[in-house]
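Observations on the three-dimensional arrangement
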Amino acid sequence: MLWHAYPVIGLDDRNQWDFYRDVPGLGALVDTFHSAGVRVFVDYNPWDVGTRRGEDDATELSAVLADFGADGVFLDTLKKADPALVEQLERARPGVVLEGESKLPVERIEDHSASWAQFFADSPVPGVLRSHWYERRHMQHHVRRWHRDHTEELQSAWLNGVGVMVWEVVFGVWVGWSQRDAATVRRMVTVQRAAGDLLREGEWTPLAPLTPEAEAAGVYASRWELGDWTLWTVVNRGAEDYAGPVVDGPVIDLFADGRVPARGISALLRVADGAPEPSWLSRVATLPHDPDARFPHRLAVRQRPEPSRGQPETDAVVVPAGPYVLTVRYRGRETGMYQGAPYVDEWKPLPPRLHDARTLQRDGSLASPVAVAATEVTNGQFAEFLAATGYQPVEPHRFLAHWADGRADDEPVTFVDLDDARAYCAWRGGRLPTEDEWQLAGETGGLRRGTPAVWNWTESEHSDGRTRFVMLKGGSDYRAEGSEWYVEGGRQAPDYSVKLLLPGLGLARAATVGFRCAWDVTR
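Below you will find a few notes about this structure. Note that the structure is a prediction, hence the values are computed from the model and not measured.

Parameters and conventions
- Residues numbered from 1 in each chain as written.
- Predicted model: local features only at pLDDT ≥ 70, side-chain atom pairs only at ≥ 80, totals over all residues.
- Heavy atoms only, no water.
- Helix = DSSP H or I, 4+ residues; strand = E, 2+ residues; numbered from the N terminus.
- Buried < 20%, exposed > 50% of the residue type's maximum accessible area, 1.4 Å probe, protein only.
- Contact = heavy atoms within 4.5 Å.
- Areas by Shrake-Rupley, 256 points an atom, 1.4 Å probe, with all protein chains shown as cover.
- Lys, Arg positive; Asp, Glu negative; His and termini not counted.
- Charge placed at Lys NZ, Arg CZ, Asp CG, Glu CD.
- Salt bridge = Lys/Arg side-chain N within 4 Å of Asp/Glu carboxyl O.
- Core = buried A, V, L, I, M, F, W, Y, C linked by side-chain atoms within 4.5 Å.
- 1 Å grid on protein atoms, 1.4 Å probe; cavity = no way out; pocket = protein on both sides within 12 Å on 5 of 7 lines; lining within 4 Å.
- Points joined across faces, edges and corners; volume = space filled by probe spheres on them.
- Nonpolar A, V, L, I, M, F, W, Y, C, P; charged D, E, K, R; others polar.
- Right-handed = clockwise from strand over helix to strand, strands pointing away.
- Pairing = 2+ DSSP bridges.
- Patch = residues over 30% accessible without salt bridge, like charges linked within 9 Å, V, L, I, M, F, W, Y side chains within 5 Å.
- Axes fitted to C-alpha atoms, helices over the stretch in contact; angles between N-to-C directions.
- Phe/Tyr/Trp six-rings, centres within 6.5 Å; stacked < 30°, edge-to-face > 60°.

**Section: the overall build of the protein**
A count of helices and strands for the protein gives 13 helices and 26 strands. Taken along the three principal axes of its C-alpha coordinates, the protein extends 90 × 55 × 40 Å. Going through the 523 residues of the protein one by one, you find that 56% of them count as buried. Contacts spanning at least 24 positions in sequence make up 73% of the contacts within the protein whose residues lie at least 6 apart. In the form shown here, the protein has an accessible surface area of approximately 22,600 Å², with 51% of it arising from carbon and sulfur atoms. Each charge class in the protein can be summarised by its mean position, and for the 56 positive and 76 negative side chains these summaries are 3 Å apart.

**So, the pattern of salt bridges**
If you walk through the whole model with that rule in mind, you get 48 salt bridges. With its nearest N and O atoms 2.9 Å apart, the salt bridge here joins Asp149 to Arg263. Here the residue Asp149 occupies a position in the loop between strand S5 (139-142) and helix H6 (151-160), and Arg263 occupies one in the loop between strand S12 (252-253) and strand S13 (265-271), the gap between them amounting to 114 residues. The class of Arg263 is partly exposed, set by a relative accessible area of 30%.

**Observations concerning the nonpolar core**
Counting 62 residues, the largest nonpolar core has Phe382, Trp457 and Phe515 as the members making the most contacts within it. For this core, the elements supplying multiple residues, two or more each, are strand S16 (322-331), helix H11 (379-389), helix H12 (418-427), strand S21 (468-473) and strand S24 (497-501). Grouped together as the second largest cluster of nonpolar side chains are 31 residues, Trp158, Val191, Trp280 and Leu281 included.

**A short note on the environment of Val169**
Relative to the helices and strands, Val169 resides in strand S7 (residues 169-170). What makes Val169 partly exposed here is its relative accessible area of 25%. Taking C-alpha positions, Val169 is 8.1 Å from Thr467, a pair spaced 298 residues apart along the chain. In contact with Val169, not counting residues within four places along its chain, are Trp174, Val175, Arg466 and Thr467.

**Concerning the layout of surface pockets**
Any empty space left between the atoms is revealed when a probe the size of a water molecule rolls over them. Counted as a void, the second largest pocket has a volume near 500 Å³. Every residue lining the second largest pocket is counted, 23 residues in all, and those nearest its centre are Arg302, Arg304, Tyr324, Thr434 and Glu437. Those elements that place two or more of their residues in the lining of the second largest pocket are strand S17 (357-366) and helix H13 (435-442). It is S17 that contributes the most residues to the lining of the second largest pocket, four residues altogether. When its residues are assigned to classes, the lining of the second largest pocket shows eight nonpolar, six polar and nine charged.

**Structural notes on the pairing of strand S2 (residues 72-75)**
Where burial is concerned, the two faces of S2 agree: the one with Gly72 and Phe74 and the one with Val73 and Leu75 are both buried. Read from strand S1 (residues 41-44) through helix H3 (residues 57-68) to S2, the crossover connection turns out right-handed. In this sheet, strand S3 (residues 97-100) lies alongside S2 in parallel orientation, the contact comprising four bridges. Pairing of Phe74 across the sheet is with Glu99, part of S3. The β-α-β motif built from S2, the intervening helix H4 (residues 83-92) and the parallel element S3 has right-handed crossover chirality.

**Overview of a nonpolar patch on the surface**
On the surface, Leu29, Phe33 and Val38 cluster together into a nonpolar patch covering about 220 Å² of accessible area. Tracing the backbone through its elements, the reader meets Phe33 in helix H2 (residues 26-35). For Phe33, a relative accessible area of 32% puts it in the partly exposed group.

**What to know about the environment of Gly172**
Examined against the element boundaries, Gly172 turns out to sit in the loop between S7 and strand S8 (173-174). Each C-alpha atom of the pair Gly172 and Phe74 lies 19 Å from the other, and the pair is 98 residues apart in sequence. In this view, Gly172 contacts Thr467, Lys499 and Leu501; residues no more than four positions away in its chain are not counted.

**A few points about the sheet that holds S3**
Here we have six strands laid out as an open sheet, ordered S1-S2-S3-S4-S5-S6, and parallel in their pairing. In this open sheet, the two strands that pair with only one neighbour each are S1 and strand S6 (163-164). In the sheet, S1 pairs with S2 via four bridges, with the strands oriented parallel. Residue Val42 lies in a different strand from S2, and its bridge partner there is Val73. Relative to the sheet, H3 contacts S1 and S2, its axis offset from that of S1 by approximately 160 degrees.

**With respect to the sheet that holds strand S18 (residues 370-372)**
The sheet built from three strands is open, its strands ordered S15-S18-S26 with antiparallel pairing. With one partner strand each, in any of the chains shown, strand S15 (317-319) and strand S26 (518-520) form the two edges of the open sheet. Taken over all neighbouring pairs, the strand axes of this sheet differ in orientation by 25 degrees on average, direction set aside. One ladder, built from three bridges, connects S15 with S18; its direction is antiparallel. Following the sheet pairing, Val317 is matched in S18 by Val372. H13 rests against S15 and S18 of the sheet, and its axis sits at about 115 degrees to S15.

**Here we look at the packing of aromatic side chains**
Inspection of the entire model under this criterion finds 28 aromatic pairs. For the pair Trp204 and Trp224, a centre-to-centre distance of 5.0 Å together with 10 degrees between the ring planes defines the contact as stacked. Highlighted residues: Trp204 in strand S9 (residues 203-205) and Trp224 in strand S10 (residues 219-226), separated in sequence by 20 residues. Take Trp204 and Trp224: they sit in the same class, and that class is buried. Seen from their ring centres, Phe382 and Phe399 are 6.2 Å apart, and the 65 degrees between their planes marks the pair as edge-to-face. In this pair, Phe382 is assigned in helix H11 and Phe399 in the loop between H11 and H12, connecting sequence segments 17 residues apart. The pair Phe382 / Phe399 is uniform in exposure class, with both members buried. Members of the aromatic cluster, connected to one another through ring pairs, are Trp3, Tyr6, Trp47, Phe74, Trp116, Trp167, Phe171, Trp485 and Tyr486.

As structure tokens, this is what we get:
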């Protein structure tokens, strides 16, 4: 799924369609997926009502489907699409798959081929997914984005013959899967793909009868029968392996475990006398269970700048050396902040647990005084830098895009990314201020804002190996109105921070983000 704009959208006036059409190489990427047999979905954000307006949503979404040849649409925040939208999308892309985010009304299964089983709270005795039971061609995907133990949704998917959403990075937050859950996914998906005809067309018996010993041990199964083959998809709800008989009569243990692993799955196959065994048996038997259920933590590591060597501007605000303690205000978003997930083992949080006002404390110590520029770098100053150095970014996309129609030399330079800003400050003998240095200087009242006011880059880049992010300071005059899902806008006090994911390919260059420099003051 190409989940394109959120959680960056709202930083400037780019709308959700811009975030598709402005990505270099996106069409070629879709072609590559298709050549590998992978279907591609685009994401539709119906709540995007406050950014740049183009055509109506149905027209824009139809155009994106046609332009990129996408196979389906994920209906973010929606259970179902309006019938008029369905009709228009079907005309643009016949056979388009529509997938809503939560429980789909039964009467709309006829024109929605998929849905998320996001709020399915299973019982100790496994339940049946209603939409898939009603129409076997309707595919559902279990989703518990913030959970660290995915046993329950994996087992439900296995018993119901449906899929799961494997989501290791949720909007910039690492929520990786344990070795046990990853091994279960590999086993499950391999059998589901190999035995697809059984799962789609076979006679399905949920909670099929098992041996008394298996049922007493918390083992459950679905039975799928088609032609000469009968498949049992088996789960073990218990904390101990079960090595006894599961069903009466001879069966093939597809995983060759000789047991049903604790909190794991198994697959049993019966082939009618004289009938051939399936050709895929050998592939399935090579997939072992892994009992390691530990959460694979990742730390976001800060990139440390080199000390500056130049002289600060004469009106720079000097922050003294020594220890400091700061209170930082921010809005609780799905991006989290510095380390770890904002929610653990919770269903999808909703207000007031989401988008609420929060604070955190930061403390540290400055080894030497730091001088933070009183003003942001202007278009005119950045032009001098280009003339003096011949600087050219590695990725030029969107670089100084606002200069195409002329520039106002006294306005803050924008459409520059973190590396562009670093290059300018290095030329001036400085560096970017950290978010703490920016706040310490700002709380003195000595920092001035340009017109229009723009967010400021800070030297706060972090990476956990999957996602890069940075903290923005200052706020901007621009504010996208009409939805709580946007990046917040408006001018902000020095203690306010926004975590911005760094998208790369020049897309971080925005009309609302500039910078100021800082210098280490040597005695």
